[in-house]
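Structure assessment
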Amino acid sequence: MKTYNSNTLFDRAQLSIPGGVNSPVRAFKSVGGTPIFIERAKGAYLYDADGNKYIDYIASWGPMILGHAHDPVVKAIQAKAEGSTSFGAPTLLEIEMAELIKSMTKNVDLIRMVSSGTEACMSALRLARGYTGRNKFIKFEGCYHGHADAFLVKAGSGLATFDIQTVPGITAGVSNDTLTCAYNDIEAVKALVAQHKGEIAAIIIEPVAGNMGCILPLPGFVESLREICTAEGIVFIFDEVMTGFRLAAGGAQEVLGVDADLVCYGKVIGAGMPVGAFGGKKEIMSHIAPLGNVYQAGTLSGNPLAMIAGYTLLHELKANPNLYTELAAKTEYLHKGLQAVVEASGKAFTINRLGSMISVHFSNTPVIDFATAAAADNAFFNQFFHAMLRRGVYLPPSAFESWFLNNALSYEDLDATIAAAKESLEELLG
Ligand code: KE4
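In what follows, the accompanying structure is described. Here the residue numbers are simple positions, counted from 1 along each chain's written sequence. Totals for whole chains, interfaces and linings use every residue, but because this is a predicted model, local features are given only for residues with pLDDT of at least 70 and side-chain atom pairs only at 80 or more, for both listing and counting. Hydrogens are left out, water is left out, and the side-chain values use all remaining heavy atoms of the structure.

**So, the sheet that holds strand β13 (residues 393–394)**
Condition: Paired strands are those between which DSSP finds at least two bridges. Each helix is a run of DSSP H or I of at least 4 residues and each strand a run of E of at least 2, with the numbering of both proceeding from the N terminus. Pairs of residues are marked as contacts when any of their non-hydrogen atoms sit within 4.5 Å. Lines fitted to C-alpha atoms define the axes here, with helix axes fitted over just the stretch in contact, and angles between the N-to-C directions of these axes take values from 0 to 180 degrees.
Spatially, 4 strands are ordered β1-β2-β3-β13 in an open sheet, and the strand pairing comes out mixed. One side of each edge strand has no neighbouring strand; the edge strands of this open sheet are β1 (38–42) and β13. One ladder, built from 3 bridges, connects strand β2 (residues 45–48) with strand β3 (residues 53–56); its direction is antiparallel. Paired with L46 across the bridge in β3 is Y54. Along the sheet face, helix α15 (residues 411–429) touches β2, β3 and β13 and points at about 100 degrees away from the line of β3.

**What about helix α12 (residues 322–345)?**
Quick note on the threshold: Multiplying 1.5 Å by the residue count of a helix minus one yields the expected span of that helix. Here's how the labels work: a residue is buried when its accessible area is under 20% of the maximum for its type, exposed when over 50%, partly exposed in between, all with a 1.4 Å probe on protein chains only.
Here α12 contains 24 residues, and its C-alpha end-to-end distance of 35 Å stays within 8% of the 34 Å for a straight helix at 1.5 Å per residue. Those residues of α12 that sit buried are L323, Y324, L327, K330, T331, L334, H335, G337, L338, V341 and V342. On its buried face, α12 sits against α11 (304–319), β11 (350–354), β12 (357–361), β14 (403–404) and α15. Backbone geometry just after α12 places G346 at a positive phi near 85 degrees.

**Some points on the sheet that holds strand β4 (residues 110–114)**
Overall, mixed pairing links the 7 strands, which are arranged β4-β10-β9-β8-β7-β5-β6 in an open sheet. One side of each edge strand has no neighbouring strand; the edge strands of this open sheet are β4 and β6 (178–181). In this sheet, adjacent strand axes meet at a mean angle of 20 degrees when their direction is disregarded. Here β4 runs beside strand β10 (residues 276–280); their pairing, made up of 5 bridges, is antiparallel. Bridge pairing links M113 to A277 in β10. Against the sheet, helix α8 (residues 221–232) engages β5 (136–140), β7 (200–205) and β8 (235–239), with an angle of about 145 degrees to β8.

Take a look at the structure:
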């Protein structure tokens, strides 16, 4: 007989962990209520401490693209662990992982493994600054590149969820070099570049944004940024922590047909283990220590368990490119099903989707940037979240997050999700 459930675990967790969670977005603070404590997961399903089963649309915020506890990944980790969990020395597997990534992407001559998306983006920015000798950079409002100081200015994800516009502890010295403008506003970018001519080291972007819901670049936006970076000697950084190996084997670079100078990876690349990476053209990457003087390091970078997990998953994705087609088809099916039920409910909404990233916004205008995402009826989203949760569907607990489909989802799961949405809207709208 279990002596605990999510409520008792949350009470206990808060005695020892800030807010009871090790990452703020998990705390259900915007949607309200008690976060559910997960015990295990398999395929498309999560099982919580209360014995409930959920269809999962978070996929650990992206990594679980083929579903939870994917057998080849689990077996590879188990076998690798027999040979120790870390050496702090170079290994063949790290070479094989780097070569596999290079074979799946473009513009990556050299790649450095780290342990999180934050580390990847933080290191890429430092490298761009070291390479150009410039200090400032441009990020977009609502984009999230991890929690390194320079990025916590008008960021997305948990900061948008909790409406944290300025973060205590980020000094003016740091934030003064962070320039921001609205996503999809190319004129604002041009104005910033003209105002700070010769001072901007990098433009960093989520080429398809996932931290204010899923938001697509307007036609020509990323292409125009590429032209500006080329003309001004600015390093163009694609933060593909979410989109890398998710939208396609070649990520957003492949899907959008735009070349980045540096690319950041995370999530899928580790198959749920702590992995991030940043890579790019040799001309830039050769400035990273020990080749160059831009110092970057990590005790567990290239960790054997993390590498074998990511390598096993990426290898399967490379060998079966039809998986992306299958996933996109499932996401389109879900989109069409949700579209029908929300239309029938009369509630204003818009759905953004690309590949296996999708988000529903209860908005009567297109959601193309942070301002339009924030202007949606997100209080209603919070109610919708709980109505879906009660019906066994686990959506991201914030309107400022993309949903992620995994290929273990069946069409029956999708139909159940659509039915749950129909019932939820009927319950909420009467
Ligand atoms: P991590 O340091 O959390 O591994 O990666 C940071 C990061 C960088 N870039 C993008 C585009 C990201 O989406 C992320 C992390 N994403 C969030 C979800 N929106 C992680 C979830 C969390 O913060 O717990």
